[in-house]
Structures are given as C-alpha cells and as structure tokens.
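Architecture and fold: a report
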Amino acid sequence: MEQVLVLAMLLVGMVLMPAASAQKEDNYSLTAEEAFKHANAHMAKFIATDAPYFENWTGASIDPKPLELYDPTGQKLYYQFSVYKNNNLVGIIDIGADKKLGQTVQLVELNPKPFDATEAMKKSIEIAKNEHPDGKIKLTQMVVYDYPLIGAMTVVKDKTTGDEYRIFVDVHTLDVVPDEPATETKRGIWSIYEQRLKNGIDENLKNWQESDNLTKSVEYKAANLEINMSTPITEENMEKLSSNVVTTATTNTLNVPLYGGEKTYYCGPATAQMIAKYYGVSHTQDYIYGIMGATAPQGTTVNHQFTYYTSSQGLAKTHSAKDYDLYFGEVVTEINNNRPIKSGVSGHARACVGYYYDTGEQLLALNDPSPQWTGSYQLEAFGSEINRIYVRS
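Description of the structure in this document.

Basis of the calculations
Residues numbered from 1 in each chain as written. Predicted model: local features only at pLDDT ≥ 70, side-chain atom pairs only at ≥ 80, totals over all residues. Heavy atoms only, no water. Core = buried A, V, L, I, M, F, W, Y, C linked by side-chain atoms within 4.5 Å. Buried < 20%, exposed > 50% of the residue type's maximum accessible area, 1.4 Å probe, protein only. Helix = DSSP H or I, 4+ residues; strand = E, 2+ residues; numbered from the N terminus. Contact = heavy atoms within 4.5 Å. Expected span 1.5 Å × (residues − 1). Polar contact = N/O pair within 3.5 Å; in protein donor to acceptor, adjacent residues only side chain to side chain. Phe/Tyr/Trp six-rings, centres within 6.5 Å; stacked < 30°, edge-to-face > 60°. Pairing = 2+ DSSP bridges.

**Focus on the nonpolar core**
If you look at the biggest cluster of nonpolar residues, it comprises 70 residues, and the most contacted ones within it are W57, V108 and Y308. Broken down by element, this core gets its largest block of residues, 9 residues, from helix α3 (residues 32-48). Residues in contact with V108, not counting those within four places in the same chain, are F46, F54, W57, I92, I93, Y377, Q378 and L379. Core analysis: the second largest hydrophobic core is formed by 20 residues, Y78, L101, M121 and A152 among them.

Written out as structure tokens, the structure is:
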C-alpha cells in the first residue's frame, strides 16, 4: 500500500505542474510541511483526550508525504495524510490547505478503504483522450468531487472550439462520474470549498488561528521533550507527547451501529437503518426505502427521510424535526440526550452519532454509509452540512 501511495504522489507531482503554477499562492495557503505539523499535533491531542474512534490509533504514525486534493473549482483543498500502524493503513487525516476553510483538521476517516490514485488518474486521462482525440489535456488532479468522495479530474480543451470538458473518475470504483451538479436525490459534482466559505471567512480564519495556536503549543512541548514534529513520531514519543498535551476538549459518542448502503442511492435508508437499530428497531434498507416513498433509482429527499422517521410504519418518532439553520450547540444537546441525528450534505445522508469540541475546534462524529456495503467512521469539521433531521419521540 505504501508503494502505491508513493507512486500516486509522484504522478500527482508530474501531472499537476500546470495547476500548481496557475493557482495563486497567498497568505492563506499552507505548505505541506506546516500541514504535517498540524496533523501530528492534533493526532497527539485526539489520542490524549479519547476522541471518538481513536482507541486503535495508539502506536500509529503519520506518513509525512501527503496526497494533495483539490476542489473541482481548481482550489487546493486538503493535504491528505495517511496513518499507518504495523504497516497497515488505519486512517487518513485531511488538513485544510487554505486557512479560509477554518479549523485545520477538516476530516478524519477511520479504517478507510485503500485506493490507488495512480490508476484513477491514468483512467481519467485515457477517457479524456478517447472522448476528445483532438483535444489538449490541460491538467489532471485528484479532487474531492462530491464530498467526501474523491477521484481524478482531467480537464481537456477542444483545439477547434476552445470548449473545455472535465472527466471525473471515482478513485475506488474507477467508474466515470458524469459532470453534473448534485441534487437532493442524486450525488454529483459540487464544491465543498464554497460550502465552507458560507460559514463566514472571518469566523473561519479565527478558528484556523486557534487551531494553529494549539499546534504551536504542542510543538513547544515536543521541543522540550526533544521530539521533532517535522518527522513521523514514534509510538514512544507519541505517548510522551500525548501525556503532556493540556486541553479542555469535551466529547461524547453514542453506540450506533455502522451500515453501508446496499445500493448507490441508499444513503438515506442506510442512515435510517443505523438510527433505527440504535432504538432497537430492525428494518431492512429496502423496507425503509419503500416507506420513504422514493422511486428507484432516485435517492431520497429530506422529506422522504422525514416520512420514515415519523410514520407509524417507520420509526414513529413523531416529534422529529427538520433543520436547515444549523448550529453546533444543537448537536451537543441532541447527543447528550442520547438522540443520534440524520446529518446531510449535498446529495448525501449520514448519521451524526457524537461530537468533539475544543477551543477553535468543533467536530461531528459520523457513521457514513459510504463506501457502499462497508460504510466508514469519520470526524468532520462543523460547517459542511446543509440539513439535519432531529429524531425525537
């Protein structure tokens, strides 16, 4: 797996030369070296404070060479660091490459499904050449095309008309993803960068500064312990560092089972199945989809999902409520009252099962039904959602 990632990074470095030179660097940009220090510092803090899902990270270390991920708009988005334990991939940490995104840790995925970025980029280039044989390839990037899904994007320009076309290939399935916008019932291409800016750039910059202050305080403690934050930290040194981290972090996580979606458009039913099982109700995803009232192969809207949560044939939680004006404090209240939440981003549903917060840092603990069949455990920076359903009796 490590060899695959190294090859992927070499290819990224070669293919993305035009993109890197085209993107204007400013005072809001982070270097990979700075991002690595943030990843190390936050990993030490997460282990020290028993953050959700981190119980198996003791003894793990972070590969200092990240995979650069871009937004479909071309904006550099994340430095994705791989976390290994006993040579096995146990997690990934996405550090924001732009301070305007807010807190430095944007997404953590536990026990992620390995992928080969090299193959995805090769496939994207191959398809671009086949579909536009007279075109000129401008760039190929690894992108977060439908957050949190990633893939390869090749941009090709028609030499006659000057029109540009984007070819997206999912990194896990190697399937072509149509260049169509996401809708409420269908996953598609959209910008998580633009979504995060809606939280307010000034507020995001404030949160980034507080994250940076934490990193510097951990770096100071590391120096006193003669630990180099710019290199992978050994298990012994991570244990020393974690025991010296002082934090006021608060966390709470509910014991909600994880289910992967059984069909590509079953994120809504899979999320509902998780929440139902938490309450001791066993419904199949097919049954839930039927109660929601959607039409195959379409996904489910918020209203479809709400029908299941409130219906007497569904979960019968009649005081459930939809919400589009979202605050982190409401997550804390619901979780502390032992109520998991349906949390939505564009075209996708997840179960919010917990939270973690500290100065400048607000994270949602998520059971995501993607990838299909397996699902994934994630910690996500607050501010990426667009809707919720509070499931209440």
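**Here we look at α3**
If you check α3, its first and last C-alpha atoms are 24 Å apart, about what 17 residues at 1.5 Å a residue would give, namely 24 Å. Within α3, 13 of the 17 residues are buried, which leaves the element mostly enclosed by the surrounding structure. In the stretch just after α3, D50 is the one whose phi turns positive, near 55 degrees.

**Notes on the side chain of S320**
Mapped onto the elements of the fold, S320 is located in the loop between α10 (302-310) and β11 (321-323). At 2.8 Å, the side chain of S320 and the backbone oxygen of K317 are in polar contact. There is a polar contact of 3.2 Å between the side chain of S320 and the backbone nitrogen of R392. Contacts of S320, omitting those with residues within four sequence positions, involve F306, Y309, T310, Y390, V391 and R392.

**Digging into the packing of aromatic side chains**
For any pair of aromatic rings, the description rests on two quantities: the centre-to-centre distance and the angle between the ring planes. Applying the stated criterion to the full structure yields 16 aromatic pairs. Their ring planes at 45 degrees and their centres at 5.8 Å tell us that F36 and F81 sit as a pair that is tilted. Here F81 lies in strand β3 (residues 76-85) and F36 lies in helix α3, a separation of 45 residues in the sequence. Residue class for F36 comes out buried when judged on its relative accessible area of 2%. Exposure remark for F81: the relative accessible area of 0% places this residue in the buried category. Ring-pair connections join several aromatic residues into one group, and the members of that group are F46, F54, W57 and Y356.

**Remarks on the environment of N303**
Take N303: it is sitting in helix α10. A relative accessible area of 45% places N303 in the partly exposed class. Sequence separation of N303 and M292 is 11 residues, and the distance between their C-alpha atoms is 8.2 Å.

**A closer look at the pairing of strand β16 (residues 387-390)**
Both faces of β16 are covered, namely the face carrying N387 and I389 and the face carrying R388 and Y390. As judged from the 3 bridges shared by β11 and β16, these two strands associate in the antiparallel manner. Residue pairing across strands places K322 opposite I389, the latter belonging to β16.

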